[in-house]
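Each chain, written out:
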Amino acid sequence: RWTVLPDFPLFWTAGRLALDNPRLIYDTEALTAAQAWAVDPSRGPRPFAYPPSALLLFVPFAVIPFWVAYWSWLALSTLAFWSAVRRVASGWAVPLSMTAPHVVLALILGQTSLILGSLIIWGLSLVRERPLLAGILLGAAVAVKPQRVLLAPVAMISGGHWRTLV
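Residues numbered from 1 in each chain as written. Predicted model: local features only at pLDDT ≥ 70, side-chain atom pairs only at ≥ 80, totals over all residues. Heavy atoms only, no water.

1. With respect to the packing of helix α4 (residues 66-88) against helix α6 (residues 101-109)
Following both chains from N to C, one finds α4 and α6 inclined at 150 degrees, their axes separated by 9 Å at the closest point. With respect to each other, α4 and α6 are oriented roughly antiparallel. Facing α4, whose interface residues are Tyr-70, Leu-74, Ser-77, Thr-78 and Phe-81, α6 presents Val-103, Leu-107 and Ile-108. Of the residues in the contact of α4 with α6, the class split is 6 nonpolar, 2 polar and no charged. (Axes fitted to C-alpha atoms, helices over the stretch in contact; angles between N-to-C directions. Helix = DSSP H or I, 4+ residues; strand = E, 2+ residues; numbered from the N terminus. Parallel < 35°, antiparallel > 145°, perpendicular 65-115°, else oblique. Contact = heavy atoms within 4.5 Å. Nonpolar A, V, L, I, M, F, W, Y, C, P; charged D, E, K, R; others polar.)

Right, dumping it as structure tokens:
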């Protein structure tokens with residue numbers, strides 16, 4: 001069992017439940033019990049606090065064994081964040097960003113932070129040159145964790161980026 005409270009077992013288990021018994025995804029007791037193999041239930045409830053649309057990201061990982069899925073998630077997170085950082089930074093900033101404590105912690109715990117951050121960085125950096133793609137990327141971030149992109153519509157309106165907003 002994990003000694004910290006990781007995020008990825010929650011995502012993987014929710015993805016499995018989406019395939020096996022979708023009614024239990026938002027049943028906190030059932031989801032916490034289903035994660036008991038990874039996290040001791042006495043550590044507290046482990047609810048799925050994401051919208052149903054987030055399952056589109058998690059279900060593909062749930063069809064493969066946990067450790068393969070976990071390492072695949074880490075690889076995807078790392079590649080996505082690396083590509084986004086390279087989009088907006090250069091030189092030493094790129095490798096240093098990958099070693100920042102919050103990035104390392106997000107990787108260890110298997111959080112959505114790096115994937116969502118990548119979608120947001122790419123989306124915002126493409127607003128002028130590819131507004132529709134920028135909107136799709138920001139929309140994908142909204143579909144997983146809406147609160148991360150709460151002010152994006154305000155920024156798009158204030159900047160007159162109507163195509164991206166739509």
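2. Brief notes about the nonpolar core
Among the nonpolar cores identified, the biggest contains 43 residues, and Phe-8, Phe-11, Phe-48, Tyr-50, Phe-58 and Trp-73 are the most heavily contacted of them. Ranked by the residues each element gives to this core, the list is headed by α4, at 7 residues. Setting aside its immediate chain neighbours within four residues, Tyr-50 contacts Phe-11, Tyr-26, Phe-58, Thr-112, Val-144 and Lys-145. (Core = buried A, V, L, I, M, F, W, Y, C linked by side-chain atoms within 4.5 Å. Buried < 20%, exposed > 50% of the residue type's maximum accessible area, 1.4 Å probe, protein only.)

3. Some words on a nonpolar patch on the surface
A cluster of nonpolar residues, Leu-150, Leu-151 and Val-154, forms a patch on the protein surface that exposes about 340 Å² of accessible area. Relative to the elements of secondary structure, Leu-151 occurs in the loop between α8 (131-144) and α9 (152-158). (Patch = residues over 30% accessible without salt bridge, like charges linked within 9 Å, V, L, I, M, F, W, Y side chains within 5 Å. Areas by Shrake-Rupley, 256 points an atom, 1.4 Å probe, with all protein chains shown as cover. Salt bridge = Lys/Arg side-chain N within 4 Å of Asp/Glu carboxyl O.)

4. Some thoughts on the packing of aromatic side chains
In this structure the tally under the stated criterion is 20 aromatic pairs. Geometrically, the ring pair formed by Phe-11 and Trp-73 is tilted, given 5.9 Å between the ring centres and 45 degrees between the ring planes. In this pair, Phe-11 sits in helix α1 (residues 8-20) while Trp-73 sits in helix α4, placing the two residues 62 residues apart along the sequence. Of the two residues, Phe-11 and Trp-73, neither departs from the other in class, the shared state being buried. Aromatic side chains Phe-58 and Trp-73 sit 6.0 Å apart centroid to centroid with 45 degrees between the ring planes, which places their arrangement in the tilted category. Of this pair, Phe-58 sits in helix α3 (residues 55-62) while Trp-73 sits in helix α4, placing them 15 residues apart in sequence. When its relative accessible area of 0% is taken as the criterion, Trp-73 is described as buried. (Phe/Tyr/Trp six-rings, centres within 6.5 Å; stacked < 30°, edge-to-face > 60°.)

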